[in-house]
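Coordinates in review
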Amino acid sequence: MVRIGIAGFGIMGRGHARDIWDGKVPGCELTAICDIDPTVLEAAKKDHPELATFDNAPDMFKSGQIDAVMVSTPHYDHPVIGMQALDHKIHVIVEKPAGVFTKDVREMNEKAAKAGVIYGIMYNQRTKPEHIKMREIVQSGQLGELKRISIIITDWYRPQAYYNTGGWRATWKGEGGGVLINQCPHNLDLWQWICGMPKRITAFTHHGKWHDIEVEDDVTAYFEYENGATGTFVTCTADCPGTNRFEILGDKGKLVFENDELVHYKLEMSEREFNKTNTVMFASPKAERIVVDCPGDYPQHAGVMTAFVKAIKGEGELIARGEEGIHGLTISNALHLSGWLGKTVELPLDEDLFLAELEKRF
């Protein structure tokens, strides 16, 4: 059995613990937790006296009680605790986001490359069959060359009461941002995992537009790819009812994922080829509408953890390697930086500039 520890026993940490206790993550056992809140440790120990409890992560890593750790602390501590674990040759899986700024995460990635342990990130949305199928269709070239991407993810509605639950929440110093760093890391990951990284981003970020908070709760962005493809990204925590729609257009067709239905509009011939050869005014290539069958389970967090345990045992591959966490975070940082500066941001990201601008907001 792989002995798992959890660093940070809040909502997410307890959720991962329940998955293990409920037998949803075979091949492992929860042996230790750490949290800075003594009442959290006391409650956990009362219900599960077999657990070793610690008020700091280094002591847990030195204890010999665990082989691997799930890091589910506040965002800024993800790289800090992840690197402490790597220093002790502990296998690491980090909750999203990988961190708040890419410079810190890059250091964690470099340390992981030398540690010789398994290093993953909790991108449970990658286990959704429709997302897997979208990546398969795009990566296989069935859509042809990408032309346009549209992502609207506004079904994150949060009332003011949500933001009032913790002084650290929705602050630059406590959380590192708002909707982009809290709600959207999965969507930013899916964007790059399926379509690749953009080249430049222009974002309009509105801070405390709809809530009494200091960070962004409404974002609209335009982005471009190296090949000339363009796209838009819209997110908000005040739209009700909200929308969750991911549309990808290529020269051979289009994918639309909305309301848990994936539709493939398949052109009979490439639009670019049709445009060159057609001689009929107002004609257009015919498209077949196909509702894509996406069989398979959606194991979510337990599926990612199960893959992590299997990878430690040498029995399988990770759902998402920890190194990949920097990609979605790069997009997030670029969106913030563009909004702060009021101009287009080119990738690769100027990591020092981003960090300097972030620290101005503490």
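Residues numbered from 1 in each chain as written. Predicted model: local features only at pLDDT ≥ 70, side-chain atom pairs only at ≥ 80, totals over all residues. Heavy atoms only, no water.

Considering the environment of Arg148
Looking at where Arg148 falls in the secondary structure, it is placed in strand β7 (residues 146-153). Looking at Arg148, the relative accessible area reads 48%, which means it is partly exposed. Through-space distance from the C-alpha of Arg148 to that of Gly228 is 9.0 Å; in sequence the pair is 80 residues apart. With sequence-adjacent residues up to four places away left out, Arg148 is seen in contact with Thr230, Glu247, Ile248 and Leu249. Among the polar contacts made by the side chain of Arg148, one reaches the side chain of Thr230 at a distance of 3.0 Å. (Helix = DSSP H or I, 4+ residues; strand = E, 2+ residues; numbered from the N terminus. Buried < 20%, exposed > 50% of the residue type's maximum accessible area, 1.4 Å probe, protein only. Contact = heavy atoms within 4.5 Å. Polar contact = N/O pair within 3.5 Å; in protein donor to acceptor, adjacent residues only side chain to side chain.)

So, the sheet that holds strand β9 (residues 216-224)
Reading across from one edge, β14-β13-β12-β11-β7-β10-β9-β8-β15 is the order of the 9 strands in this open sheet, with mixed pairing throughout. With partners counted over all chains shown, the strands left at the sheet margins are β14 (287-291) and β15 (345-346), one partner each. Bridge analysis of β9 against strand β10 (residues 230-236) gives 7 bridges, and the strand direction is antiparallel. Note that in β10 the partner of Tyr222 across the bridge is Thr232. The strands touched by helix α6 (residues 129-139) are β7, β11 (244-250), β12 (253-258) and β13 (261-267); relative to β12, the strand with the most contacts, the crossing angle is about 170°. Those strands touched by helix α11 (residues 325-341) are β8 (200-207), β9, β10 and β15, and its axis lies near 70° from that of β8. (Pairing = 2+ DSSP bridges. Axes fitted to C-alpha atoms, helices over the stretch in contact; angles between N-to-C directions.)

Concerning the packing of aromatic side chains
Tallied over the entire structure, the rule returns 7 aromatic pairs. Aromatic side chains Trp191 and Phe223 sit 4.2 Å apart centroid to centroid with 40° between the ring planes, which places their arrangement in the tilted category. Here Trp191, found in helix α8 (residues 185-195), pairs with Phe223, found in strand β9; they are 32 residues apart in sequence, far enough to count as distant. An identical accessibility class is assigned to Trp191 and Phe223; each is buried. Taking NZ or CZ as reference, Arg169 lies 4.4 Å from the ring centre of Tyr162, over its face. Across the ring face of Tyr265, the terminal group of Lys254 is positioned such that the distance to the ring centre comes to 5.1 Å. (Phe/Tyr/Trp six-rings, centres within 6.5 Å; stacked < 30°, edge-to-face > 60°. Lys NZ or Arg CZ within 6 Å of the ring centre and 35° of its normal.)

Regarding α8
Buried residues dominate α8, accounting for 11 of its 11 residues. The positive-phi residue at the C-terminal boundary of α8 is Gly196, with phi of around 90°.

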